[in-house]
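Below are the chains, spelled out letter by letter.
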Amino acid sequence: MNAAQALRHALLSEIGVDHGFGLRGFAELADLRRPRQVHGVAVATAEQCAEQGRAPEADAVISAEVGVRIAVVTADCLPILLAGDRGRAVAAIHAGWRGLAGGVIGAGLTALRERLGKSEGVTAVIGPHIGKCCYEVDGPVLGALAVRFSDVLPRALRQTRPGHAQLDLGLLAREALRAAGVAGERIGLLEGACTACDAERFYSYRRDGPETGRLVHFISAGRPNAEG
Ligand SMILES: [Zn+2]
């Protein structure tokens, strides 16, 4: 793997957490722990994902194993990497509209918090995903999201043609993180990273179809040099 082919974010770097949002061509490490993603809301542990080919079905994975990289893969959906502010436990979440509607972000955060100290805050960064510019959805998708996001959904939409709207997945993810108790200033977003607009850097299911590659996003627990 070429470490240069991953994007990092200052909010996670400043707490000393090893992480990266993969770009096109970023080869997957053999020892990444990742679940079999199914657009659901289940949470797996790094331990459960240890055996290649026998990982559980889940769309969030958590770890407190120092130096063990957990990961999710995406091609338009949201990758979200999270860490406790002391870096001792981390999570990776995959969320498309189904995961958002089902509450996978809250489920991942609940599981992460169980591994953290009582007063420990959480830092979360939303990675490259299909932007509002390129993501038109229809009534059934909006109906599913309206249940959980009734207050914020209008702000996340731009009406296009009858029964359709462009949807800002990142805004919904930010609201889900805030609703689950993550402080606004501890939520980061990689700007200007629409997977469908930028074919040089990203894979995109909507642009390239099901045969497109998958972007690999990883994070690992542990701050060997840190105090506290
Ligand atoms: Zn776009």
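What you see is a predicted model, and the numbers here were worked out from it, not measured in a lab.

The rules behind the values
Residues numbered from 1 in each chain as written. Predicted model: local features only at pLDDT ≥ 70, side-chain atom pairs only at ≥ 80, totals over all residues. Heavy atoms only, no water. Salt bridge = Lys/Arg side-chain N within 4 Å of Asp/Glu carboxyl O. Helix = DSSP H or I, 4+ residues; strand = E, 2+ residues; numbered from the N terminus. Buried < 20%, exposed > 50% of the residue type's maximum accessible area, 1.4 Å probe, protein only. Pairing = 2+ DSSP bridges. Axes fitted to C-alpha atoms, helices over the stretch in contact; angles between N-to-C directions. Contact = heavy atoms within 4.5 Å.

Another aspect to go through is the pattern of salt bridges. Taken as a whole and assessed by the stated rule, the structure comprises 10 salt bridges. Glu65 is the partner of Arg33 in a salt bridge, and the nearest nitrogen-oxygen pair spans 3.4 Å. Of this pair, Arg33 sits in the loop between β2 (18–22) and β3 (43–45) while Glu65 sits in the loop between β4 (60–63) and β5 (69–74), and the two are 32 residues apart along the sequence. Judged by its relative accessible area of 17%, Arg33 falls in the buried class. Residue Glu65 is classed as partly exposed on the basis of its relative accessible area of 25%.

Sheet strands pair by backbone hydrogen bonding; their relative direction is either parallel or antiparallel. Read across the open sheet, the 6 strands follow the order β3-β4-β7-β6-β8-β12; overall the sheet is mixed. The two strands at the open ends of the sheet, each matched to only one other strand, are β3 and β12 (187–189). Along the sheet, successive strands turn relative to each other by an average axial angle of 20 degrees, direction set aside. Here 6 bridges tie strand β6 (residues 78–84) to strand β7 (residues 90–95), and the two strands are oriented antiparallel to one another. Of the residues in β7, the one forming a bridge with Pro79 is His94. Each of β3, β4, β6, β7 and β8 (122–126) touches helix α3 (residues 104–113); the most contacted strand, β7, lies at about 170 degrees to it.

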